[in-house]
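What the coordinates show
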Amino acid sequence: MTLGCPYGTHRVLEPKGVFPQPALRLNNDFSILYDNEILIEVEILNIDSASFTQIKHQADGDPAKIADILLKTVAQRGKQHNPVTGSGGMLVGKIKAIGSALQQRPIQVGDPIATLVSLSLTPLRIDDIIAVHKETEQVEIRGEAVLFESGIYAKLPSDLPQKLALAVLDVAGAPAQTAKIVKPGDTVVVIGGGGKSGLLCLHEACKRTGVTGKVIGLSHSAAGIERMKKSGLPVIPLQGDARDALWVLHQIERLTEGRLADLTINVVNIPQTELGSILATKNRGIVYFFSMATSFTAAALGAEGIGKDLTMLVGNGYTEGHAEIALEVLRENLHLRQLYERTYA
Ligand code: NAP
């Protein structure tokens, strides 16, 4: 039996000794499959929003150029690991082979699955790009990928369309963490509330704060505000630019009678919103940075610079039960399900 490292270090080509995520290049030759790997026939890549936004900008919005950038990255790195944002995304495909050491897993060849580990650490080979869907940040491809023994995945539910499930699973960590950290009666601000993860977070925040709480959703565009209004949730919508930190402070002061938020959740897809998130939050409160565009330096020095004593959480993409919690939102909230179906299904 040929076993690779459970964390996939056996596929790291450069530099030696690091884990697959920070590696520059992975081995994406799948002609030899290790006995503790799962081979996937890939159908859709769901590119992380911060990454797709950067690639779209670099490609001047041209789908053919977006495809070229993706092909080049994967050819160079053996994985879809955006060299600018450092982020990846996740994928959907069908299981093509299961290594002999993983035969006891409750999966079979042919099962449709979504990987729940980042594309930035998943060995991937793209044979062909079939379509780039700019509006959903999903890319249809022909290719293969490998999941390591430690790699988590979800079998796709039969009651939700595949593209919809993929979109939700991509950001599953955000609503699941929200569910865990919101307390009854809390005031919660979701910066980027009109986006894909933002709406899921708003649902969980409203559910967990209860009738004594307050939930504010900040989005940039009128369309984002409209999505919040259509969510059926008791959210206070706020439209504006989260990069304007003082504006954010004044608006949140106004909406909370000066008390500010117990918890601010940052799910934007652009940089420079750290200070606005910090200012929106009361002393001893929590800021949860799920956004991949977050700068540790800007957050740490920003809070220090204005003398704010906060707990700042890094948005771990994984938390126990995250896939179940995120998919359940769409079963609990039919308004949100319709909104998501219109965009993704
Ligand atoms: P999305 O659907 O594109 O939503 C982004 C949101 O940010 C939208 O509501 C958008 O508002 C808002 N926004 C953009 N610029 C803004 C500004 N200047 N002021 C206020 N709001 C602004 O993104 P997503 O898919 O939910 O992803 C959100 C973030 O999570 C991304 O950074 C992504 O990379 C990250 N992510 C993290 C993990 C992890 O493991 N931590 C996993 C997956 C994704 P409008 O729509 O109104 O313009």
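First, a word on what this report is: a plain description of the structure on this page. (Residues numbered from 1 in each chain as written. Predicted model: local features only at pLDDT ≥ 70, side-chain atom pairs only at ≥ 80, totals over all residues. Heavy atoms only, no water.)

Focus on the overall build of the protein chain
How we decide: A run of H or I in DSSP counts as a helix once it spans at least four residues, and a run of E counts as a strand once it spans at least two, with each numbered from the N terminus. Radius of gyration means the value over C-alpha atoms here, while the globule rule gives 2.2 Å times the residue count to the 0.38 power. For every residue, the accessible area (1.4 Å probe, protein chains only) is compared with the maximum for its type, and the residue is labelled buried under 20%, exposed over 50%, or partly exposed between those bounds. Surface exposure here means Shrake-Rupley accessible area, sampled with a 1.4 Å probe, where a residue is shielded only by the protein chains that are shown. Positive charges are assigned to Lys and Arg, negative charges to Asp and Glu, while His and the chain termini are left out of the count. Every charge is mapped to an atom, namely NZ of Lys, CZ of Arg, CG of Asp or CD of Glu.
Check the secondary structure of the protein chain and you find eleven helices and 14 strands. Its C-alpha radius of gyration of 20 Å places the protein chain within 12% of the 20 Å reference for a compact globule of 345 residues. Overall, the protein chain is about 65 × 40 × 40 Å in size when its C-alpha atoms are taken along their principal axes. Counting only residues that meet the buried cut, the protein chain has 54% of its 345 residues in that class. As presented, the protein chain carries roughly 14800 Å² of accessible surface, and 54% of it is formed by carbon and sulfur atoms. In the protein chain, which carries 34 positive and 36 negative side-chain charges, the distance between the mean positions of the two groups comes to 3 Å.

With respect to the site of the ligand
Going by this rule: Being near a molecule or strand, for a residue, means having at least one of its heavy atoms within 4 Å of it. Distance and chemistry together define a polar contact, namely a pair of N or O atoms within 3.5 Å, with one atom able to donate a hydrogen and the other to accept it when in protein, and with adjacent residues in sequence counting only for side-chain atoms on both sides. In this classification, Asp, Glu, Lys and Arg are treated as charged, Ala, Val, Leu, Ile, Met, Phe, Trp, Tyr, Cys and Pro as nonpolar, and every other residue, Gly included, as polar. For the purposes of this description, domain bounds are those given by an automatic or database domain assignment.
As a matter of local geometry, the ligand sits amid 28 residues, with Asp48, Ser197, Ser221, Val268 and Gly315 nearest to it. In this structure, an oxygen atom belonging to the ligand sits 2.8 Å away from a main-chain N or O atom of Lys196. When the ligand sits alone it has 930 Å² of accessible area, and the protein chains cover 90% of it. Secondary-structure elements contributing two or more residues to the shell around the ligand are α1 (49-58), α5 (196-209) and α6 (222-230). In terms of residue class, the shell around the ligand is built from eight nonpolar, 14 polar and six charged. When residues are assigned to domains, the shell around the ligand turns out to be shared by domain 1 (9-156) and domain 2 (173-344), each giving three or more.

Focus on helix α10 (residues 322-332)
Here is the rule we go by: This arc is taken over the directions from the axis of the helix to the C-beta atoms. Two residues qualify as a contact provided that any one of their heavy atoms is within 4.5 Å of a heavy atom in the partner residue.
All of the buried residues along α10 are His322, Ala323, Ala326, Leu327, Val329 and Leu330. On an axial view of α10, the arc spanned by its buried residues comes to 135°, and they lie on one face. Considering only its buried residues, α10 is in contact with β8 (153-155), α3 (162-170), α4 (173-181), α5 and α11 (334-344).

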